[in-house]
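As a plain string of letters, each chain reads:
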Amino acid sequence: MNKLLPLPILITAALLASAALAQRQEQRLDSGWRFSKTDPGAAMQPAFDDSGWRAVRVPHDWSMDEPLRADLGSGNGYAAGGIAWYRRSFAVGAEQKGRVARISFDGVYERAQVWINGQYVGGRPFGYSSFQFELTPYLKFDGSPNVLAVRVDHSRQMDSRYFTGSGIYRDARLSFTDALHIAPWGTYVTTPQVSAAKAEVKAQAELINAATTARQLTLRAELLAPDGRVVATRESQARLAAGERRALAQTLAVNKPQRWSLETPALYTLRQTVLVQGQLVDQTTTPFGIRSFRFDASTGFTLNDRSVKLKGVCLHHDAGSLGAAVPVSVLERRLQQLKDIGVNAIRTSHNPPAPELLDLADRMGLLVQAEAFDEFTPTKNKWIEGWNVGVPGRQGYGEMFAEWGVRDVEDMVRRDRNHPSIIMWSVGNEVDYPNDPFSHPVLGARYRPAAPPASDLVRWGKPLVDAVRRMDPTRPVTAAMASVEMSDAVGFGELFDVAGYNYQEARYAADHAKFPKRVIYGSENRHDYRAWAIVRDTPYISAQFLWTGFDYLGEAGRWPLRAADFGLFDLAGFMKPRGAFRASLWSDKPVVYLAAATASATLHASQSGQGTPLLDQQKRAKVAEHWNWPAGESIVVSAYANTTEVQLWLNGRLVGTQKAADAVEGILSWTLPFEAGELKAVGLKDGKPVAEFKLETAGAAARVELKRVATGKDGVEQVAFFVVDAQGRRVPDAAQKLRFEPLGAAEILGIGNGNLADVDDPKDAEHAVHEGRGLAVLRRTDNAMPARLRVSAPGLAAAELPL
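Quick caveat, the model's predicted, so the values are computed rather than measured. (Residues numbered from 1 in each chain as written. Predicted model: local features only at pLDDT ≥ 70, side-chain atom pairs only at ≥ 80, totals over all residues. Heavy atoms only, no water.)

## A short note on the overall build of the protein chain
Our working definition: Where helices and strands are cited, they refer to DSSP runs of H or I of at least four residues and of E of at least two residues respectively, numbered from the N terminus. This radius of gyration counts C-alpha atoms alone. The globule rule is 2.2 Å times how many residues there are, raised to the power 0.38. Residues are treated as being in contact if the distance between any of their heavy atoms lies within 4.5 Å. The method behind every accessible area is Shrake-Rupley, applied with a 1.4 Å probe, and residues are considered shielded solely by the protein chains displayed.
Helix and strand counts for the protein chain stand at nine helices and 45 strands. For 803 residues, the compact-globule estimate of 2.2 N^0.38 gives 28 Å, and the protein chain sits close to it at 27 Å. Once the C-alpha set of the protein chain is aligned to its principal axes, its extents read approximately 85 × 65 × 60 Å. Sequence separation of at least 24 residues holds for 69% of the intrachain contacts in the protein chain that already meet a minimum separation of 6. Here the protein chain displays about 30000 Å² of accessible surface, and carbon together with sulfur accounts for 51% of that area.

See below:
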């Protein structure tokens, strides 16, 4: 993705020209917006009075500003939709006349319509697509205000199976370029040949001449190494007629390249400069990686000629109490948490992600499956009263898919195709789910003759696949299939370069034998041990993508449950026991961890037939990370470890030692009567301790404790809060409300506690803990001024933390 040079001079409420007009200029439009959850008919007109509207910052998700309600639909997490307007003014000086002005949005949910100075410039219905519009013909260049107005229509709020958010929930930017410039998303960089000795880099620039006369130009391409050195340069000349748009390609070579990998994600930079008579008129910089990869039907996935198993998770775009407006530092912490437990791949379920997530994946060394859609047309079921409960609604993207599907997938690929982290494009998730909506006789007794025919999967899917290959022939195209049986019956599976199987591990062996040239991988999988073991032990299965990395809003049960609990981490970002279990399977670092449950609960779980019993999953034991149980209760203690042996100690006494070979479905366990005190696991390798984990019985709640977990360059602070006993041990059953007071230059963005049934206002100054903990996300409003957070509760000693 192009990185644009910032404006050299920024003045409050105005975007003014500087002497450096040879550079393209860009400003984030984050402040200065006014917002109203109304639909006045004249709100696009410059003279409209918005003085009574609320001031907001963008990104902004109004679904998190309003109370959740039981009548608003479980699919979207019982969050409000509706219609709203945003307005903002800016001034432009006469020096900018003759240049091209554009407004761009990374995401507006949904059905956005945009006006400048009362003139409609365009709209975009899909809430996850990035888009831009030219403003040049309608701007005033005399320093007087230009009024930008955006109408957002999410009145069909029950339109998704999971939380979407509402509003301008991703970044917005205003840019100015010379009339001769590189088009938006006009850079395309590939590495056709890569070896340890040499790499060939192909750089393409799509140029636009918006001037009224022809222009003779020089296009200069420079490759900058990760340390900033220029390592290759190429120049080409061209003449563009007035109004012409043309792509120019250049080939460069890099000797002994630093290859992008999971361990060393080295990023080069392509700097493209447009010159006219030796004078710079436009310049962009595009980070990219030099790497090679391939999928093979027999041997799986290789990156830079090295075999790699994709240890992936699916991620929705929300972040708990923040909704869909997620600061980049929150995304970064979440990705780092996943990477720390051994995750090396992300599936962007089920829509194009924020550009910042892909930037982070590039820098951090994570592989990405970029996904476009959750449905074709007609729409899927949208549950209203609870997941798979009652009568579903039928609103959704399927209503606009026929008109916009190809354009949306093209724009996803054009925007994101320079990211080295992306290794495949997915055109859809479970679009072949039986009878939702498509059906086929191969389903037997489940076949519904009145349903849309499954052959429509090919009718709608093939144009998408063709579009992706036009935009980027260097990466495979895939889909996450829910019913390979039905897809194969109509030829849908044959459209793809690699075939994603959701929860169909039982088909791997037979389908590999039947389709020996088919690349098969797990595109969505459960957390149990057996689902991973088949990937680990089968050479031709390259990947597993767990459902999910984090708990997510929406796809909820009956009210007041507002979220789904499939994650390795909860809504507030605290690791669950199943996250530690995954670390024991995937991490390269020594891992040992303890969780516990009553013996009666684990017996019920083991009889449910749902796979690994000693995990915190549906229909299984709700194991917990604490050592507070009724006196004398029989407790099953689970140890998740990747060490060769584990010792279990209780109050200084050795309970027993077990070897890794003793594990049942990856888990070691002991049953013992509860005794208060300290329970400790020690992981041994070659007889020596290499890892340790403790659970301690907590006493009565005594005080609040605060811990800073992340501070971002974006001014966002993430602070974990706990209710602890006199010795500082988390009280696992604490559930009292705390009062949050940002003192000084700071504001609350969101407060959450991981509880799926917590329907309190995430921005309210009072919020409860859940299991003795939670997370507060704050933003510093003035970095030059001091700020601190004070948290208190009746009967507890308060805590303060400087920000």
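## With respect to unusual backbone geometry
Of note, the bond from Val 58 into Pro 59 is cis; its omega dihedral lies within 30 degrees of zero at 10°. With respect to the secondary-structure elements, Pro 59 resides in the loop between β3 (54-56) and β4 (82-91). Across the junction of Tyr 109 and Glu 110, the peptide omega takes the value -10°, indicating a cis bond. Examined against the element boundaries, Glu 110 turns out to sit in the loop between β5 (100-105) and β6 (112-116). If you check the backbone angles, Asp 305 has positive phi at about 70° while not being a glycine. Summarising the element assignment, Asp 305 is placed in the loop between β19 (300-303) and β20 (306-307). Residue Asn 435 is not a glycine yet carries a positive backbone phi of 65°.

## Details of the pairing of strand β44 (residues 787-793)
Consecutive residues of a regular strand have side chains that alternate between opposite faces of the sheet. Just so we agree on the cut-off: Think of it in three bands: with a 1.4 Å probe and only protein chains considered, a residue is buried below 20% of the maximum accessible area for its type, exposed above 50%, and partly exposed in between. When DSSP finds two or more bridges between a pair of strands, those strands are recorded as paired.
Counted residue by residue, β44 has five buried out of seven residues, so it is predominantly covered. Alignment of strand β40 (residues 737-744) against β44, held across six bridges, turns out to be antiparallel. Looking at β44, one finds that Glu 741 is bridged to Arg 790. Of the pairings in the sheet, the one linking β44 to strand β45 (residues 796-802) comprises five bridges and is antiparallel in character. Directly across from Arg 790, in β45, lies its bridge partner Glu 800.

## A look at the sheet that holds strand β25 (residues 477-481)
Rule in force here: Fitted lines through C-alpha atoms give the axes, limited to the stretch in contact for helices. The angle between two N-to-C directions lies from 0 to 180 degrees.
Sheet architecture is open: eight strands sit in the order β27-β26-β25-β24-β23-β22-β21-β28, paired in parallel fashion. This sheet does not close on itself; its edge strands, each paired only once, are β27 (520-524) and β28 (543-546). Strand-to-strand, the axes of this sheet are offset by a mean angle of 30°, without reference to chain direction. Each of β23 (367-371) and β24 (422-429) touches helix α3 (residues 398-416); the most contacted strand, β24, lies at about 165° to it.

## Quick notes on helix α8 (residues 577-586)
Along α8, 10 of the 10 residues are buried, which leaves the element largely enclosed by surrounding structure. When we look at burial in α8, the residues that qualify are Pro 577, Arg 578, Gly 579, Ala 580, Phe 581, Arg 582, Ala 583, Ser 584, Leu 585 and Trp 586. For α8, the secondary structure elements touched by its buried residues are β21 (310-314), α7 (529-537), β28, β31 (592-598) and β32 (634-641).

## Structural notes on the packing of aromatic side chains
Put simply, the rule is: Centres within 6.5 Å make a pair out of two Phe, Tyr or Trp rings, where for Trp the six-membered ring is used; the pair is then stacked when the planes are under 30 degrees apart, edge-to-face when over 60, and tilted otherwise. Geometrically, a lysine NZ or arginine CZ counts as sitting over a ring once it is within 6 Å of the ring centre and also within 35 degrees of the ring normal.
Inspection of the entire model under this criterion finds 38 aromatic pairs. Feature note: the residues Tyr 109, Phe 126, Tyr 128, Tyr 169, Phe 373, Phe 376, Tyr 397, Phe 401, Trp 460, Phe 492 and Phe 496 constitute an aromatic cluster, connected by ring pairs. The ring centre of Trp 586 lies 4.8 Å from the NZ or CZ of Arg 582, which sits over that ring.

## Some words on the packing of α3 against helix α4 (residues 456-471)
Applied cut-off: Each angle gets one of four labels, with under 35 degrees taken as roughly parallel, over 145 as roughly antiparallel, 65 to 115 as roughly perpendicular, and the rest as oblique. Should the near helix be turned anticlockwise from the far one by less than a right angle, the crossing is termed left-handed; should it be turned clockwise, right-handed. Classification used: nonpolar for Ala, Val, Leu, Ile, Met, Phe, Trp, Tyr, Cys and Pro, charged for Asp, Glu, Lys and Arg, polar for all others including Gly.
Look at α3 against α4: their axes get within 9 Å of each other, and the N-to-C directions meet at 25°. The orientation of α3 with respect to α4, classified from their angle, is roughly parallel. The hand of the α3/α4 crossing is right-handed. Contacts from Phe 401, Ala 402, Gly 405, Val 406, Val 409, Glu 410, Val 413 and Arg 414 of α3 reach α4 at Trp 460, Pro 463, Leu 464, Ala 467, Val 468, Arg 470 and Met 471. In the contact of α3 with α4, the residues fall into 11 nonpolar, one polar and three charged.

## Looking at the pairing of β25
Worth spelling out the cut-off: Look down the strands so they point away from you; if the path from the first strand over the helix to the second goes clockwise, the crossover is right-handed.
Counting buried positions over the five residues of β25 gives five, a clear majority of the element. The alternating pattern of β25 places Val 477, Ala 479 and Met 481 on one face and Thr 478 and Ala 480 on the opposite face, and all of these are buried. The sheet contact formed by β24 and β25 spans three bridges and is parallel. Bridging across to β25, Ser 426 finds its partner in Thr 478. For the segment spanning β24, α4 and β25, crossover handedness is right-handed. When β25 meets strand β26 (residues 499-502), the two strands line up parallel, connected through two bridges. Among the inter-strand pairings, Met 481 is bridged to a residue of β26, identified as Tyr 501. As a crossover connection, the stretch from β25 through helix α5 (residues 484-490) into β26 is right-handed.

## A short note on the confidence of the model for the protein chain
Filter applied, for reference: A residue's pLDDT is the confidence the predictor assigns to it, expressed on a 0 to 100 scale.
Looking at the protein chain as a whole, its pLDDT mean stands at 94, while 95% of the residues score no less than 70. Below pLDDT 50 for its whole length, residues 1-19 participates in 57 contacts with residues either more than four positions away or in separate chains. Here residues 604-610 is a poorly scored stretch, pLDDT under 50, and it has eight contacts once near neighbours within four places are set aside; other chains count.

## Structural notes on the side chain of Asp 511
Its location among the elements puts Asp 511 in helix α6 (residues 508-514). A relative accessible area of 4% means that Asp 511 is categorised as buried. Those residues within four positions of Asp 511 in sequence are excluded, and the remaining contacts are Val 484, Tyr 501, Arg 518 and Ile 520.

## Things to note about the side chain of Asn 435
The cut-off we apply is this: Side-chain atoms alone can form a polar contact between residues adjacent in sequence; in general such a contact is a pair of N or O atoms within 3.5 Å, and within protein one must be able to donate a hydrogen while the other accepts it.
Within the secondary structure, Asn 435 is located in the loop between β24 and α4. A polar atom in the side chain of Asn 435 sits 2.6 Å from the side chain of Ser 439.

## Thoughts on the sheet that holds strand β33 (residues 645-650)
Overall, antiparallel pairing links the four strands, which are arranged β34-β33-β36-β37 in an open sheet. Edge strands, defined here as strands with exactly one partner in the open sheet, are β34 (653-659) and β37 (688-696). Adjacent strand axes in the sheet meet at a mean angle of 20°, parallel and antiparallel pairs treated alike.

## Focus: the nonpolar core
The criterion, for reference: The nonpolar core is taken to be a set of buried Ala, Val, Leu, Ile, Met, Phe, Trp, Tyr and Cys residues, with the residues joined through side-chain atoms within 4.5 Å.
Judged by nonpolar contacts, the single largest core of 127 residues is most densely connected at Leu 335, Leu 338, Leu 594, Trp 627 and Tyr 640. Looking at this core element by element, the count peaks at seven residues for α4. Residues within four places of Tyr 640 in sequence aside, it is in contact with Pro 577, Ala 580, Phe 581, Ser 584, Val 591, Val 592, Tyr 593, Ala 595, Leu 614, Leu 615, Val 623 and Ile 667. Phe 90, Leu 139, Leu 148 and Ala 172 belong to the second-largest nonpolar core, a separate cluster that totals 30 residues.

## Description of the pattern of salt bridges
Selection criterion: What makes a salt bridge here is a side-chain nitrogen of Lys or Arg within 4 Å of a carboxyl oxygen of Asp or Glu, nothing more.
The full count for this structure, using the stated rule, is 58 salt bridges. Across the salt bridge formed by Glu 206 and Arg 414, the nearest N and O atoms sit 3.4 Å from each other. Taken together, the residues Glu 206 in strand β12 (residues 198-209) and Arg 414 in helix α3 connect sequence positions 208 residues apart. Note on accessibility: Glu 206 and Arg 414 belong to one class, buried. Among the ionic pairs, Asp 725 bridges to Arg 729, the shortest N-O distance being 2.8 Å. Taken together, the shared-partner salt bridges in this structure form one network comprising Arg 124, Arg 407, Asp 408 and Asp 411.

## A closer look at the environment of Asp 362
Mapped onto the elements of the fold, Asp 362 is located in helix α2 (residues 355-364). In this structure the C-alpha to C-alpha distance between Asp 362 and His 419, which are 57 residues apart in sequence, comes to 6.5 Å. Discounting chain neighbours no more than four positions away, the residues touching Asp 362 are Trp 260, Pro 265, Leu 267, His 419, Pro 420 and Ser 421.

## Regarding the packing of helix α1 (residues 328-340) against α2
Running from amino to carboxyl end, α1 crosses α2 at an angle of 40°, the nearest separation of the two axes being 10 Å. The orientation of α1 with respect to α2, classified from their angle, is oblique. Judged by the sense of rotation from one axis to the other, the crossing of α1 with α2 is right-handed. The residues of α2 that touch α1, namely those facing Val 328, Leu 331, Glu 332, Leu 335, Gln 336 and Lys 339, are Glu 356, Leu 357, Leu 360, Ala 361 and Met 364.

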